[in-house]
Amino acid sequence: MGALVTLDLPADSPMLGLPWIITFGPLDEADEWEPVVCGPYERPHALALAEAVVSEEPLMAVVEPLLPAVSAAEIRDEITAARTAVCDTTEIDEIDLYGDYEETVDEEQDRLTEEERHAQPLTEPTEDELRAGFNRIAGMLTGKGI
């Protein structure tokens, strides 16, 4: 069994509507190979695919939003914003990107209802569902709706 990592976003986050990618890589540091990046997908499809793959193999899957920047200036603005957010909260050499995993898991478990604790795995999307998602993403990327 592998590990799935993604952002914990509020239900109204505009990032939820962006295209998402999955990066698969080795779970064990001794295992060395180039990561495989797949997508873009709609977020529910990305999560379900990542879960299906890591449930059968000892891999790390990182599911993250894909920012459809349309210029170098827009990319620079995003980099500046990310750097500013980090500098505003803590010194760069004091950053712990992953936090205290056990503490986070315990807090999340405390917030879950009994039903959520026993949730079933996500259903892997069919090829037709994925292709329909690709079409929706293509429409979003070629329009000005982002």
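Residues numbered from 1 in each chain as written. Predicted model: local features only at pLDDT ≥ 70, side-chain atom pairs only at ≥ 80, totals over all residues. Heavy atoms only, no water.

A. Just the overall build of the protein, in detail. Along the protein, the regular secondary structure elements total five helices and four strands. Ordering the α and β elements of the protein from the N terminus gives β-β-β-α-β-α-α-α-α. At a minimum sequence separation of 6, the contacts of the protein that also span at least 24 residues come to 68%. Only carbon and sulfur atoms are counted for the fraction: they give 54% of the accessible area of the protein, which is about 10,900 Å². (Helix = DSSP H or I, 4+ residues; strand = E, 2+ residues; numbered from the N terminus. Contact = heavy atoms within 4.5 Å. Areas by Shrake-Rupley, 256 points an atom, 1.4 Å probe, with all protein chains shown as cover.)

B. Highlighting the pairing of strand β4 (residues 59-65). The side-chain alternation of β4 yields one buried face, formed by Leu 59, Ala 61, Val 63 and Pro 65, and one unburied face, formed by Met 60, Val 62 and Glu 64. For strand β2 (residues 20-26) and β4, the ladder comprises seven bridges, and the chain directions are antiparallel. In the sheet register, Pro 26 faces β4, and the bridge partner there is Leu 59. (Buried < 20%, exposed > 50% of the residue type's maximum accessible area, 1.4 Å probe, protein only. Pairing = 2+ DSSP bridges.)

C. Region of the structure containing a negative patch on the surface. On the surface, Asp 28, Glu 29, Asp 31 and Glu 32 cluster together into a negatively charged patch. Tracing the sequence through the fold places Glu 32 in the loop between β2 and β3 (36-41). (Patch = residues over 30% accessible without salt bridge, like charges linked within 9 Å, V, L, I, M, F, W, Y side chains within 5 Å. Salt bridge = Lys/Arg side-chain N within 4 Å of Asp/Glu carboxyl O. Lys, Arg positive; Asp, Glu negative; His and termini not counted. Charge placed at Lys NZ, Arg CZ, Asp CG, Glu CD.)

D. The arrangement of the packing of aromatic side chains in detail. Taken as a whole and judged by the stated rule, the model has one aromatic pair. With a centroid separation of 5.8 Å and 35° between ring planes, the pair formed by Tyr 41 and Phe 134 is classed as tilted. Pair noted here: Tyr 41 is in strand β3 and Phe 134 is in helix α5 (residues 127-142), with a separation of 93 residues, a long-range link. Of the residues examined, Tyr 41 reaches a relative accessible area of 12% and is grouped as buried. Directly above the ring of Trp 20 sits Arg 43, whose terminal nitrogen or CZ lies 4.8 Å from the centroid. (Phe/Tyr/Trp six-rings, centres within 6.5 Å; stacked < 30°, edge-to-face > 60°. Lys NZ or Arg CZ within 6 Å of the ring centre and 35° of its normal.)

E. Molecular detail of the environment of Val 5. On the secondary structure map, Val 5 appears in strand β1 (residues 3-6). Under the relative-accessibility criterion, Val 5 is labelled partly exposed at 33%. A sequence separation of 18 residues divides Val 5 from Thr 23, and the C-alpha atoms of the two residues are 9.8 Å apart. Excluding residues that lie within four positions of it along the chain, Val 5 makes contacts with Met 60, Ala 61, Val 62 and Val 63.

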